[in-house]
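Chain by chain, the residues:
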Amino acid sequence: MPTVDLNADMGESFGPWKMGDDAALLSIVTSANVACGGHAGDADVMAATMTLAHQNGVGIGAHPGFMDLAGFGRNRMSVPRGTLQNQVRFQVGASLGMAKSVGAKVRHLKLHGAMANMASEDEKMARDLYEAALSVDPDLIIMVLAATAQQKAVEALGCAWAGEIFADRAYNDDATLVDRSLDGAVIHDAELAGARMVEMVKAGAIITQSGKHIPTRIDTICLHGDTAEAVQIAGSVRRQLEAAGITLAQFSGQA
């Protein structure tokens, strides 16, 4: 039977400002993408999130984004490529160090927000950012937006990678995500999200907003921890996948 990982972005609170219900999500998902202080999170939140993930047996990933706390990393930014690479190294290094301090290990890397969207359109940008992360830890599994320029970049690098699809986002016909400013871009219906994931995993394809099927390797399914329905969507996706005979487990990552 097919096996798939379920991941969520988390650790995105900052100081007294709380974002999402990480504790609830960590009882459902198999992998966690933990903010590294660029777009969200801080040292205390990172430590607490990684500790709880480790206690729950959930795989930990570094989740770097643009240095954009005010915009939650969702503003497209023009940053010199060398500087952007160093910002990724900075965030990945912080993630690795914090994980080690709590007895855990960072398994994977996933780019956040606008940085990820831009890298899904620009293979050279994706490759530059992945090379920066791998220069800090060459054993990282790179989580990519399946069937985009991100996947082309990891295939060219020959590194370990995992193909990701989204439970709570709609797709364009080029496998990129529909812009959040457009109607229907974000899926709030938990039952619909679960049913979509069963359909896509069984088909081995991304199904776009227009109904187009894009065949791709599906290793992991993501939901955004900052949405109001995140816990309900996670629960629905897990329940419907398991009911369809699909096993939930951490991805192994392969070149």
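What you are looking at is a predicted structure, and each value in this text was computed from that prediction instead of being measured.

Colleague: Any chance you could break down the pairing of strand 5 (residues 141-145) for me, citing the residues and the numbers?
Modeller: Along strand 5, five of the five residues are buried, which leaves the element largely enclosed by surrounding structure. Residues Ile141, Met143 and Leu145 of strand 5 are buried on one face, and the alternating residues Ile142 and Val144, pointing to the opposite face, are buried as well. The pairing of strand 4 (residues 106-109) with strand 5 spans two bridges and is parallel. In the sheet register, Leu109 faces strand 5, and the bridge partner there is Ile142. Two strands pair when backbone bridges link them, and strand 5 and strand 6 (residues 161-166) are joined in this way by four bridges, in the parallel orientation. When the sheet's bridge partners are listed, Ile142 is paired in strand 6 with Trp161. You can see the chain leave strand 5, run along helix 6 (residues 149-157) and come back into strand 6, and the turn it takes is right-handed.

Colleague: How would you sum up the nonpolar core? Please name residues and give values.
Modeller: Judged by nonpolar contacts, the single largest core of 74 residues is most densely connected at Tyr130, Ile142, Ile165, Ile221, Val237 and Leu241. Sorting elements by how many residues they give to this core places helix 5 (residues 123-136) first, with seven residues. In contact with Ile165, other than residues within four places in its own chain, are Ala146, Tyr171, Met197, Met200, Ile206, Ile218, Thr220, Ile221 and Cys222.

Colleague: Please set out the environment of Leu157 residue by residue, giving values where relevant.
Modeller: With respect to the element layout, Leu157 can be found in helix 6. Expressed as a C-alpha distance, the spacing of Leu157 and Tyr130, which sit 27 residues apart in the sequence, is 8.8 Å. Ignoring anything within four residues of it in the chain, the contact list for Leu157 reads Arg127, Tyr130, Glu131 and Leu134.

Colleague: Could you give me a rundown of a nonpolar patch on the surface, with the residues and numbers involved?
Modeller: Residues Phe14, Trp17 and Leu69 make up a contiguous nonpolar surface patch of roughly 300 Å² in combined accessible area. With respect to the helices and strands, the residue Trp17 is situated in the loop between strand 1 (3-10) and helix 1 (22-25).

Colleague: If you had to explain the environment of Ala153 to someone new, which residues and values would you point to?
Modeller: Looking at the secondary structure, you find Ala153 in helix 6. Of the residues examined, Ala153 reaches a relative accessible area of 0% and is grouped as buried. As a C-alpha pair, Ala153 and Met125 span 28 residues in sequence and 8.7 Å in three-dimensional space. Not counting residues up to four positions away in its chain, the partners in contact with Ala153 are Glu123, Ala126, Arg127 and Tyr130.

Colleague: So what's going on with the packing of helix 3 (residues 81-101) against helix 5? Residues and values would help.
Modeller: Look at helix 3 against helix 5: their axes get within 8 Å of each other, and the N-to-C directions meet at 40°. By the criterion of interaxial angle, the relationship of helix 3 to helix 5 is oblique. At the point where helix 3 passes helix 5, the crossing takes the right-handed sense. Taken together, the residues of helix 5 that come into contact with helix 3 (itself represented by Arg81, Leu84, Gln85, Val88, Arg89, Val92, Gly93 and Leu96) are Lys124, Met125, Asp128, Leu129, Ala132, Ala133, Ser135 and Val136. Looking at side-chain class alone, the contact of helix 3 with helix 5 contains nine nonpolar, three polar and four charged residues.

Colleague: Before we move on, could you go through the side chain of Asp22 and cite the residues and values that matter?
Modeller: Following the sequence through the fold, Asp22 ends up in helix 1. In this structure Asp22 is buried but unpaired, with Lys18 as the nearest side chain of opposite charge at 6.4 Å. One polar contact links the side chain of Asp22 to the main-chain amide nitrogen of Gly11, over a distance of 2.9 Å. When residues no more than four places from it in sequence are discounted, the contact partners of Asp22 are Met10, Gly11, Glu12 and Thr49.

Colleague: So what about helix 3? Which residues, and what values?
Modeller: With 21 residues, helix 3 extends 30 Å between its outermost C-alpha atoms, agreeing within 8% with the 30 Å of an ideal straight helix rising 1.5 Å per residue. Within the span of helix 3, buried status applies to Leu84, Gln85, Gln87, Val88, Gln91, Val92, Ser95 and Ala99. Considered in projection along helix 3, the buried side chains sweep an arc of 160° and stay on one side of the axis. In helix 3, those exposed residues whose orientation departs by more than 90 degrees from the buried face are Phe90, Lys100 and Ser101.

Colleague: Talk me through the side chain of Asp9; I want residue IDs and the actual numbers.
Modeller: Along the chain, Asp9 falls in strand 1. According to the relative accessible area criterion, Asp9 is buried, its value standing at 2%. A distance of 2.7 Å separates polar atoms of two side chains, one belonging to Asp9 and the other to Asn33. Within polar-contact distance, the side chain of Asp9 engages the side chain of Lys110 at 3.0 Å. What Asp9 contacts, discounting residues up to four positions off in sequence, is Asn33, His63, Lys110, Cys222, Leu223, His224 and Gly225.

Criteria and thresholds
- Residues numbered from 1 in each chain as written.
- Predicted model: local features only at pLDDT ≥ 70, side-chain atom pairs only at ≥ 80, totals over all residues.
- Heavy atoms only, no water.
- Buried < 20%, exposed > 50% of the residue type's maximum accessible area, 1.4 Å probe, protein only.
- Helix = DSSP H or I, 4+ residues; strand = E, 2+ residues; numbered from the N terminus.
- Pairing = 2+ DSSP bridges.
- Right-handed = clockwise from strand over helix to strand, strands pointing away.
- Core = buried A, V, L, I, M, F, W, Y, C linked by side-chain atoms within 4.5 Å.
- Contact = heavy atoms within 4.5 Å.
- Patch = residues over 30% accessible without salt bridge, like charges linked within 9 Å, V, L, I, M, F, W, Y side chains within 5 Å.
- Areas by Shrake-Rupley, 256 points an atom, 1.4 Å probe, with all protein chains shown as cover.
- Salt bridge = Lys/Arg side-chain N within 4 Å of Asp/Glu carboxyl O.
- Axes fitted to C-alpha atoms, helices over the stretch in contact; angles between N-to-C directions.
- Parallel < 35°, antiparallel > 145°, perpendicular 65-115°, else oblique.
- Left-handed = near helix turned anticlockwise from the far one by under 90°.
- Nonpolar A, V, L, I, M, F, W, Y, C, P; charged D, E, K, R; others polar.
- Lys, Arg positive; Asp, Glu negative; His and termini not counted.
- Polar contact = N/O pair within 3.5 Å; in protein donor to acceptor, adjacent residues only side chain to side chain.
- Expected span 1.5 Å × (residues − 1).
- Arc of directions from axis to C-beta.

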